[in-house]
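Reading the structure
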Amino acid sequence: MDNFFVFLIMSLFLIVLPGPDIAVVTKNTITEGKVGGLKTAAGTCVALLIHTSAAILGLSALIMKSAILFSILKYVGAVYLIYLGVKSLWSLRKNADSAILEADTNSRYDNKSCFKQGFLTDILNPKIAVLFLTLLPQFVHPGSGTLIPFLIMGITYTLLTALWFLIYVTLINHISAFMKKPKTQYIIEGITGTILIGFGIKLALEKVRN
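Presented here is a report on the structure given in the accompanying data block. (Residues numbered from 1 in each chain as written. Predicted model: local features only at pLDDT ≥ 70, side-chain atom pairs only at ≥ 80, totals over all residues. Heavy atoms only, no water.)

**Focus: the overall build of the protein**
- Counting its regular elements, the protein contains nine helices and zero strands.
- Counting from the amino terminus, the protein carries its helices and strands in the arrangement α-α-α-α-α-α-α-α-α.
- Nonlocal contacts in the protein, meaning residues at least 24 apart in sequence, comprise 87% of its contacts between residues at least 6 apart.
- A total accessible area of about 11400 Å² is found for the protein, and carbon and sulfur atoms account for 72% of it. (Helix = DSSP H or I, 4+ residues; strand = E, 2+ residues; numbered from the N terminus. Contact = heavy atoms within 4.5 Å. Areas by Shrake-Rupley, 256 points an atom, 1.4 Å probe, with all protein chains shown as cover.)

Written as structure tokens, this is what we have:
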């Protein structure tokens, strides 16, 4: 494995860049609290481990080279992101009392669904598969085996992601008093919903790169 330190720096930059996973974690931390945010992050990390396994087994290469597989995955992922965005915007139609009542009634279900949202947001994003396929080989010495280096880098990337989300969720939770004010939450729900729809449309327009 070559330039592991460079890999760490590059991974950190990629992880902190705003993306659909950040939007979903932010939304769930605000609406469901720290536990909801951490469960969303856990779902994302599990999806990253699966992407690592796919890269090792060559499935990522298959997805990247197959226009049909890439298109299926990206459109399913795009529809899911748009669904989450529309769902977030739709919640703005509810008045404060009904929103609080629904949160109290469905808190268990919503909290459990946080993991699923984080998992599906990443596992259905073919750009993550492409990222792993293009990033990891850059740090493997030509002619050497890829199994162990890919596994180490994939796990490292996932651990860095988990650490970043732990810090991020904790920060959001600390300012939750301000973030959970009805007016603030209304604005954030609107922004998050719009961002998710935007990411969904962007993903749907993504072209296959051979």
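**Concerning the side chain of asparagine 28**
- In this fold, asparagine 28 is placed in helix 2 (residues 20-57).
- With residues up to four places along the chain from it excluded, the contact list for asparagine 28 reads Gly33, Gly36, Gly37, Thr40, Cys114 and Gln117.

**Digging into the packing of helix 1 (residues 4-16) against helix 7 (residues 147-174)**
- Between helix 1 and helix 7, whose axes approach to 10 Å, the crossing angle comes to 45°. Of the possible angle classes, the one that applies to helix 1 and helix 7 is oblique. The element helix 1 and its partner helix 7 pack so that their crossing is right-handed. The segment helix 1 lies against helix 7, with Phe4, Phe7, Leu8, Ser11, Leu12, Leu14, Ile15 and Val16 engaging Ile152, Met153, Thr156, Tyr157, Leu160, Thr161 and Trp164.
- Along the lines of polarity and charge, the residues of the contact of helix 1 with helix 7 split into 12 nonpolar, three polar and no charged. (Axes fitted to C-alpha atoms, helices over the stretch in contact; angles between N-to-C directions. Parallel < 35°, antiparallel > 145°, perpendicular 65-115°, else oblique. Left-handed = near helix turned anticlockwise from the far one by under 90°. Nonpolar A, V, L, I, M, F, W, Y, C, P; charged D, E, K, R; others polar.)

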